[in-house]
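Letter by letter, the chains look like this.
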Amino acid sequence: MTTADRKPRVLSGIQPTSDSFHLGNYLGALRQWVALQDTADAFYMVVDLHAITVDHEPKVLHERSRVSAAQLMALGVDPERSALFVQSQVPEHPMLAWIMGAETGFGEASRMTQFKDKSAKQERTTVGLFTYPILQAADILLYQTDQVPVGEDQRQHLELTRDLAIRFNTAYGQTFTVPDAFIVKETATIKDLAEPAKKMSKSSASPRGCLYLLDEPNQMRKKIKSAVTDSDAEVRYDPEAKPGVSNLMNIYAALGNTTLEKLEAEYAGRGYGDFKGDLAEVVADSLGPIAARTKEYLADKAELDRVLAKGAEKARHVAARTLAKAYKKIGFFPPVAL
């Protein structure tokens, strides 16, 4: 296969910092991960190294990493069509991150907006949180990644990655592929069900504000039916004047394979009761099977761990070659295989 014929390599990761992914994770990114398997050489990882930049319980982190992998498989990430692995199983990640850290200016790292945002929310700010974008750059460069699916909040990190790749290549010779952004199919940002001015997040102030993929179907229905709307009962898309119902319409359009215009026409004069009731069933029908499949994968942890180990082997096959090349270029002795 020639370079022109091969599929572009795509890499992405998700943190295991919650017991379940939520609807915003699914519609904003994970659904695109599944689709990309058709057109890309896909590498997907559970980024547990990044997860320890905040306080954590080791046993909980270990289990959440498994649950995260099981959910990805339940959503349609196929270990036979992509590399699915846990980041800490590939030791080349922190090894390359050290080299990239030596190439990063303190001012560059200081300008990362996510560090500013996250450190403002934590009592204890660590060096690991500060260097988080450098590890993220190493994650990407290790796999000679062509494209990285990104949203607006990750664009700055990708630009740092590109700058570091170009800087290293210029100083030491061609080593890393300079990655491009892969702009995912336009999807509306899913808002908190209780506070529709805010993005849906696991840190929601209200337990009914976040719709988790592993919620029981009746929990999903209850959250949809109790979601904040407004007092005029008109199903009309207007994010400024009607943020609550507009958010629910975005969810309905995404999961129900319909359009905002069709929803407005279908529920004209019918009020929020019918609309929420129908949406509750669409959500339960769409997401309920994901939870069921996740439980099936978790029922055989030994097999799940075997799948992840196999994915890590595939990842290391690529990562080790990249690291060895970088070591040689920078003047290190080659890593010794155990």
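Note that the structure is predicted; figures quoted are calculated from it, not measured.

## Concerning helix 3 (residues 58-75)
For helix 3, built from 18 residues, the straight-helix expectation of 26 Å at 1.5 Å per residue is met to within 8% by its first-to-last C-alpha distance of 26 Å. Buried within helix 3 are the following residues: Leu-61, Ser-65, Arg-66, Val-67, Ser-68, Ala-69, Ala-70, Gln-71, Leu-72, Met-73, Ala-74 and Leu-75. At the exit of helix 3 stands Gly-76, carrying a positive phi of roughly 125°.

## With respect to the pattern of salt bridges
Evaluation of the coordinates by the stated rule reveals 22 salt bridges. Its salt-bridge partner being Asp-146, residue Arg-6 comes within 3.2 Å of it at the nearest N-O pair. Here Asp-146 lies in the loop between helix 8 (132-142) and strand 4 (147-150) and Arg-6 lies in the segment before strand 1 (9-14), a separation of 140 residues in the sequence. Residue Arg-6 is classed as partly exposed on the basis of its relative accessible area of 35%. Two residues, Asp-41 and Arg-9, come together in a salt bridge whose shortest N-O distance is 3.0 Å. Of this pair, Asp-41 sits in strand 2 (residues 41-46) while Arg-9 sits in strand 1, placing them 32 residues apart in sequence. The exposure class of Arg-9 is buried, given its relative accessible area of 15%. Via salt bridges that share partners, Glu-63, Arg-66, Lys-301 and Asp-305 belong to a single interconnected network.

## Concerning the domain arrangement of the protein
Domain assignment breaks the protein into domain 1 (9-187 + 300-330) and domain 2 (217-295). Taking only C-alpha atoms, the centre of domain 1 and the centre of domain 2 are 33 Å apart. Contacts between the two partners involve 9 residues from domain 1 and, on the opposite side, 7 residues from domain 2. For the domain 1 and domain 2 pair, buried surface summed over both sides reaches about 670 Å², with 76% attributable to carbon and sulfur atoms.

## A closer look at the nonpolar core
Of all hydrophobic cores here, the largest spans 56 residues; its most connected members are Leu-23, Tyr-26, Leu-72, Leu-211, Ile-251, Val-283 and Leu-287. For this core, the leading source of residues is helix 13 (residues 271-298), giving 9 residues. No fewer than three residues from each of domain 1 (9-187 + 300-330) and domain 2 (217-295) sit in this core. Contacts of Val-283, omitting those with residues within four sequence positions, involve Leu-211, Met-220, Ile-224, Ile-251, Leu-255 and Gly-288. Core analysis: the second largest hydrophobic core is formed by 39 residues, Leu-11, Met-112, Phe-130 and Val-150 among them.

## Points about the packing of helix 8 against helix 9 (residues 155-172)
Look at helix 8 against helix 9: their axes get within 9 Å of each other, and the N-to-C directions meet at 65°. Note that helix 8 runs across helix 9; the crossing there is right-handed. Of the residues in helix 9, those in contact with Tyr-132, Pro-133, Gln-136, Ala-137, Ile-140 and Leu-141 of helix 8 are His-157, Leu-158, Leu-160, Thr-161, Leu-164 and Ala-165.

## Structural notes on helix 14 (residues 301-330)
Along its 30 residues, helix 14 runs 41 Å from first to last C-alpha, staying within 8% of the 44 Å computed at 1.5 Å per residue. Maximal helix bending in helix 14 amounts to about 30°, located at Arg-316. Residues of helix 14 that are buried: Leu-304, Val-307, Leu-308, Gly-311, Ala-312, Ala-315, Val-318, Ala-319, Thr-322, Leu-323, Ala-326 and Tyr-327. Phi turns positive one or two residues past the end of helix 14, at Gly-331, with a value near 105°.

Basis of the calculations
- Residues numbered from 1 in each chain as written.
- Predicted model: local features only at pLDDT ≥ 70, side-chain atom pairs only at ≥ 80, totals over all residues.
- Heavy atoms only, no water.
- Helix = DSSP H or I, 4+ residues; strand = E, 2+ residues; numbered from the N terminus.
- Expected span 1.5 Å × (residues − 1).
- Buried < 20%, exposed > 50% of the residue type's maximum accessible area, 1.4 Å probe, protein only.
- Salt bridge = Lys/Arg side-chain N within 4 Å of Asp/Glu carboxyl O.
- Domains from an automatic or database assignment.
- Contact = heavy atoms within 4.5 Å.
- Buried area = accessible area lost by both parts, 1.4 Å probe.
- Core = buried A, V, L, I, M, F, W, Y, C linked by side-chain atoms within 4.5 Å.
- Axes fitted to C-alpha atoms, helices over the stretch in contact; angles between N-to-C directions.
- Left-handed = near helix turned anticlockwise from the far one by under 90°.
- Bend = angle between axes of the 7 residues up to and from the residue.

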